[in-house]
Amino acid sequence: MIPFNHLGIVFNTFGSFIYPRSVRTELCTFLQPLPSQSKVLDIGAGTGILCQFSYECREDLNFVAVDPAEGMMKYAKAYVQTHKASAEALPFENDSFDVAMMGESLHHFRDVDEALKETVRVLKSGGEAVYI
Ligand SMILES: C[S@@+](CC[C@H](N)C(=O)[O-])C[C@H]1O[C@@H](n2cnc3c(N)ncnc32)[C@H](O)[C@@H]1O
């Protein structure tokens with residue numbers, strides 16, 4: 001088991017380097033059609049690096065992050081609303097988000113089936129999920 005709660009400083013320093021420039025470009029292309037103020041959920045967000053990449057091209061979106069490791073999320077930027085929670089029990093109502101993103105996190109979830117069910121539950125009809 002990886003002690004993510006103690007790795008915030010490592011991910012905050014080096015986390016962006018694991019994503020090639022092309023991924024950041026594709027993420028921005030994916031987000032481009034969203035109306036302003038759309039709600040984007042980052043699941044297993046860690047330090048919120050995907051929110052950071054997204055904000056660089058769409059600062060008009062609302063970013064929400066969940067992760068059980070507070071030691072990671074404490075590095076999230078002020079424009080990210082953080083929640084200490086697991087993907088298997090998302091603390092949101094049905095039909096809450098326009099987009100769900102998971103960056104290098106799905107394979108760490110305890111129960112992937114439950115996490116994906118939860119993802120679908122909190123996505124609005126027509127919402128989309130992206131796994132990077
Ligand atoms: C490799 S890190 C990736 C973090 C971030 N998404 C990034 O791209 O840098 C995996 C993250 O998944 C989180 N995680 C592990 N189990 C989880 C679960 N059951 N639900 C949500 N997040 C979880 C960890 O705490 C960690 O922050």
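Higher on the page you've got the structure.
Residues numbered from 1 in each chain as written. Predicted model: local features only at pLDDT ≥ 70, side-chain atom pairs only at ≥ 80, totals over all residues. Heavy atoms only, no water.

**Digging into the overall build of the chain**
- Helix and strand counts for the chain come out as five helices and five strands.
- Helices and strands appear in the chain in the N-to-C order α-α-β-α-β-α-β-β-α-β.
- Projected onto its principal axes, the C-alpha coordinates of the chain cover approximately 35 × 30 × 25 Å.
- Of the contacts made within the chain by residues no fewer than 6 positions apart, 68% connect residues no fewer than 24 positions apart.
- In the structure as shown, the chain presents an accessible area of about 7200 Å², 53% of it carried by carbon and sulfur atoms. (Helix = DSSP H or I, 4+ residues; strand = E, 2+ residues; numbered from the N terminus. Contact = heavy atoms within 4.5 Å. Areas by Shrake-Rupley, 256 points an atom, 1.4 Å probe, with all protein chains shown as cover.)

**Examining the state of the cysteines**
- Taken as a whole and judged by the stated rule, the model has one disulfide.
- Bridging Cys28 to Cys57, the disulfide has an S-S length of 2.1 Å. Taking the torsion about the sulfur-sulfur bond, which here is approximately -95°, the covalent link between Cys28 and Cys57 counts as left-handed. In this pair, Cys28 sits in helix H2 (residues 21-31) while Cys57 sits in helix H3 (residues 49-57), placing the two residues 29 residues apart along the sequence.
- What makes Cys28 buried here is its relative accessible area of 17%. (Disulfide = S-S within 2.5 Å. Buried < 20%, exposed > 50% of the residue type's maximum accessible area, 1.4 Å probe, protein only.)

**Some details on the pairing of strand E5 (residues 123-131)**
- The pairing of strand E4 (residues 97-102) with E5 spans five bridges and is classified as parallel. If you follow Met101 over to E5, its bridge partner there is Val130.
- Of the crossover connections in this fold, the one passing from E4 over helix H5 (residues 112-122) to the parallel E5 is right-handed. (Pairing = 2+ DSSP bridges. Right-handed = clockwise from strand over helix to strand, strands pointing away.)

**Focus on unusual backbone geometry**
- One non-glycine residue, Asp95, lies in positive phi territory at about 55°.
- The residue Asp95 is located in the loop between strand E3 (80-84) and E4 in this model.
- In this structure, Glu104 is a non-glycine residue whose phi angle is positive, near 55°.
- Counting through the fold element by element, Glu104 comes out in the loop between E4 and H5.

Nothing here speaks to function; it is all geometry.
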